[in-house]
Amino acid sequence: MEHPENDSKYIGLTVNSGVAQPPSVNPYMKRVRRKPLPTPGEMVEKILAGDVTTLSRAVTLVESINPDHETLAQEIIEKCLPHSGNSRRIGITGVPGAGKSTSIDVFGLHVLKQGGKLAVLAIDPSSERTKGSILGDKTRMEKLAVHPDAFIRPSPSAGSLGGVARKTRETIVLCEAAGFNNIFVETVGVGQSETAVHSMVDFFLLIQLAGTGDELQGIKRGIMEMADGIVINKADGDNIDRARLAQAQFRSALHLFPPTTSGWMPEVLTYSGYYELGIEEVWAMIDRYFEFVKSNGYFEQKRRQQSRYWMYETIDSQLRGNFFNNPEVSAMLSGLEKAVLENRLSSFIAARDVLNFYFSKMK
């Protein structure tokens with residue numbers, strides 16, 4: 001573009017055209033093309049050989065909402081299923097700030113010293129507003145993150161704990177097929193996720209704190225009934241006496257509950273994840289539990305019940321997906337929703353109408 005200042009009437013005034021702007025992309029940079037995905041058979045072969053990179057790609061396919069990826073993921077899971085089921089699945093929950101990630105770091109190192117491999121599946125809460133997630137649990141597991149026999153995979157809840165729980169269940173199958181004989185599943189610790197995680201693990205560990213107020217607030221019937229073991233974290237320094245008091249309170253509370261289905265009486269222990277105190281005692285409790293439930297047949301019974309539970313959960317998920325992804329149903333829902341918002345139609349009648357329409361199309 002010519003500058004008007006360069007006109008002949010402006011004697012002695014000249015404006016240079018300036019320096020041409022460089023391109024926004026380096027012209028010397030070679031374009032990196034993403035490698036095509038291997039076939040399901042090739043991925044399964046590498047997973048069974050313990051290839052962590054392929055395992056990570058398979059988990060990404062499991063978490064994807066792309067229909068093509070879902071089909072591919074299901075084929076991989078189906079081929080890995082015969083090679084799964086040979087691990088200890090341990091769920092770890094507790095209120096935010098209880099020290100779950102720090103404890104997993106310490107527990108994990110203790111497990112790895114005994115041999116074998118460890119996979120940590122951490123469900124990270126997503127923002128309800130932005131749907132984003134930090135996925136920062138791995139940063140708090142500093143020692144495990146660099147251990148060659150550990151695999152840490154944080155997953156965003158993305159507002160749907162049920163969907164994430166189902167995908168976590170499928171990820172467990174992949175990790176077991178890859179040779180990980182210890183699986184830790186860390187919950188978001190907000191209440192409703194505990195039930196889903198409890199339905200996919202063998203042992204459910206509840207981490208509590210002492211000295212943060214009324215310890216009885218932590219004695220909630222639902223979560224206490226699910227716990228196979230309760231541990232009081234941060235039992236160190238000036239907090240030891242408070243931790244022991246909380247331990248006594250939890251033990252007394254457990255006696256008020258009916259006997260567990262397994263026949264196991266949950267134990268209450270104290271430890272310090274930061275100072276690594278009492279770790280061996282906590283893991284000895286978990287060893288006693290597995291020995292107990294395997295001897296009375298409850299271990300296999302629970303695994304079968306969990307498989308049945310997830311069969312029905314998958315049916316429910318598939319039905320919901322088929323219903324809401326139906327274009328005719330989606331078009332009808334938008335009109336019914338407007339009628340409900342304008343008080344021209346009740347919510348129940350609107351639901352009945354769209355369901356009747358959906359079922360009529362299935363005949």
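Residues numbered from 1 in each chain as written. Predicted model: local features only at pLDDT ≥ 70, side-chain atom pairs only at ≥ 80, totals over all residues. Heavy atoms only, no water.

Chemist: Looking at this structure, I do not really get the overall build of the chain. What am I missing?
Modeler: Per the secondary structure count, the chain includes 13 helices and 7 strands. A total of 363 residues make up the chain; the buried ones form 42% of that total. Once local pairs closer than 6 in sequence are excluded, the contacts in the chain between residues at least 24 apart make up 74%. When the accessible area of the chain is evaluated, it comes to approximately 21200 Å², of which 54% is carbon and sulfur surface. (Helix = DSSP H or I, 4+ residues; strand = E, 2+ residues; numbered from the N terminus. Buried < 20%, exposed > 50% of the residue type's maximum accessible area, 1.4 Å probe, protein only. Contact = heavy atoms within 4.5 Å. Areas by Shrake-Rupley, 256 points an atom, 1.4 Å probe, with all protein chains shown as cover.)

Chemist: What exactly am I supposed to notice about the packing of aromatic side chains here?
Modeler: When we look at a pair of aromatic rings, we describe it by the centre distance and by the angle of the planes. Per the counting criterion, the structure on display carries 13 aromatic pairs. Ring plane angle 40° and centroid distance 5.9 Å describe the contact between Phe151 and Phe180, whose orientation is recorded as tilted. With Phe151 in strand S3 (residues 150-156) and Phe180 in the loop between helix H6 (161-177) and strand S4 (182-186), the pair connects residues that are 29 residues apart, well separated along the chain. Given a relative accessible area of 5%, Phe151 falls into the buried group. Centre to centre, the rings of Phe323 and Tyr358 are 5.0 Å apart; their planes meet at 80°, and the pair counts as edge-to-face. Of the two residues, Phe323 sits in helix H11 (residues 298-324) while Tyr358 sits in helix H13 (residues 347-362), which places them 35 residues apart along the sequence. Residues Phe323 and Tyr358 agree in their burial class; the two are buried. Through pairs of rings, three or more aromatic residues link up here, namely Phe203, Trp264, Tyr289, Phe290, Phe292 and Phe299. Cation over ring: Lys117 sits above Phe180, and NZ or CZ is 4.4 Å from the ring centre. (Phe/Tyr/Trp six-rings, centres within 6.5 Å; stacked < 30°, edge-to-face > 60°. Lys NZ or Arg CZ within 6 Å of the ring centre and 35° of its normal.)

Chemist: Please explain a nonpolar patch on the surface as it appears in this structure.
Modeler: Together, Met311, Tyr312, Ile315 and Leu319 make up an exposed nonpolar region whose accessible area comes to about 410 Å². Looking at the secondary structure, you find Leu319 in helix H11. (Patch = residues over 30% accessible without salt bridge, like charges linked within 9 Å, V, L, I, M, F, W, Y side chains within 5 Å. Salt bridge = Lys/Arg side-chain N within 4 Å of Asp/Glu carboxyl O.)

Chemist: Would you take a moment to explain the packing of helix H1 (residues 40-48) against helix H3 (residues 67-80) for this structure?
Modeler: The relative placement of two packed helices comes down to the angle between their axes together with the axis-to-axis distance. Following both chains from N to C, one finds H1 and H3 inclined at 45°, their axes separated by 9 Å at the closest point. Looking at the two axes, H1 sits oblique to H3. Helix-helix and strand crossings are classified by hand; for H1 and H3 the assignment is right-handed. On the side of H1, the interface is formed by Pro40, Gly41, Met43, Val44 and Ile47, while H3 contributes Leu72, Glu75, Ile76, Lys79 and Cys80. Its residues placed into classes, the contact of H1 with H3 shows 7 nonpolar, 1 polar and 2 charged. (Axes fitted to C-alpha atoms, helices over the stretch in contact; angles between N-to-C directions. Parallel < 35°, antiparallel > 145°, perpendicular 65-115°, else oblique. Left-handed = near helix turned anticlockwise from the far one by under 90°. Nonpolar A, V, L, I, M, F, W, Y, C, P; charged D, E, K, R; others polar.)

Chemist: I tried to follow the nonpolar core on my own but got confused; where do I start?
Modeler: Side chains of nonpolar character tend, in soluble globular proteins, to be buried together. With 47 residues, the main nonpolar core has Ile76, Leu174, Met224 and Ile230 as its most contacted residues. Not counting chain neighbours up to four residues away, the residues in contact with Ile230 comprise Leu206, Gln208, Met224, Phe250, Leu254, Glu267, Val268 and Leu269. (Core = buried A, V, L, I, M, F, W, Y, C linked by side-chain atoms within 4.5 Å.)

Chemist: For this particular structure, what's the right way to read the pairing of strand S1 (residues 88-94)?
Modeler: Looking along a regular strand, one sees the side chains alternate between the two faces of the sheet. With respect to burial, S1 is a largely interior element, 6 of its 7 residues being buried. In this sheet, S4 lies alongside S1 in parallel orientation, the contact comprising 5 bridges. Residue pairing across strands places Gly91 opposite Val185, the latter belonging to S4. In the sheet, S1 pairs with strand S5 (residues 203-209) via 5 bridges, with the strands oriented parallel. Its bridge partner being in S5, Ile92 is matched across the sheet by Leu205. (Pairing = 2+ DSSP bridges.)

Chemist: Looking at this model, I keep getting lost on the environment of Ile223. Mind explaining?
Modeler: Structurally, Ile223 is set in helix H8 (residues 221-226). Sequence-wise, Ile223 and Gly94 are 129 residues apart; in three dimensions their C-alpha atoms are separated by 9.5 Å. Residues contacting Ile223, with those up to four places away along its chain left out, are Thr93, Glu194, Phe204 and Leu206.

Chemist: Even after reading the chapter, I still don't get the pattern of salt bridges, so can you show me in this structure?
Modeler: Pairs may arise between side chains of opposite charge once their charged atoms sit close together. Summed over the entire model, instances satisfying the criterion amount to 10 salt bridges. The shortest N-O distance in the salt bridge between Lys79 and Glu75 comes to 3.7 Å. Placement of both Lys79 and Glu75 in helix H3 is noted, with a separation of 4 residues, approximately one turn of the helix. Given the relative accessible area of 37%, Lys79 is considered partly exposed. Using a relative accessible area of 34% as the deciding quantity, one classes Glu75 as partly exposed.

Chemist: Even after reading the chapter, I still don't get helix H10 (residues 279-295), so can you show me in this structure?
Modeler: Quick reminder: α-helices carry 3.6 residues per turn. Residues three or four places apart thus point the same way. Spanning 17 residues, H10 covers 25 Å between terminal C-alpha atoms, matching the ideal 24 Å at 1.5 Å per step. Backbone geometry just downstream of H10 places Gly297 in the positive-phi region, at approximately 85°. (Expected span 1.5 Å × (residues − 1).)

Chemist: Hey, could you run me through the side chain of Ser84 in this one?
Modeler: Here Ser84 is to be found in the loop between H3 and S1. A distance of 2.7 Å separates a polar side-chain atom of Ser84 from the backbone oxygen of Leu81. Ignoring anything within four residues of it in the chain, the contact list for Ser84 reads Val173 and Glu176. (Polar contact = N/O pair within 3.5 Å; in protein donor to acceptor, adjacent residues only side chain to side chain.)

Chemist: What exactly am I supposed to notice about H13 here?
Modeler: The terminal C-alpha atoms of H13 lie 23 Å apart, and with 16 residues this matches the ideal 22 Å at 1.5 Å per residue to within 8%. On its buried face, H13 sits against H11 and helix H12 (327-341).

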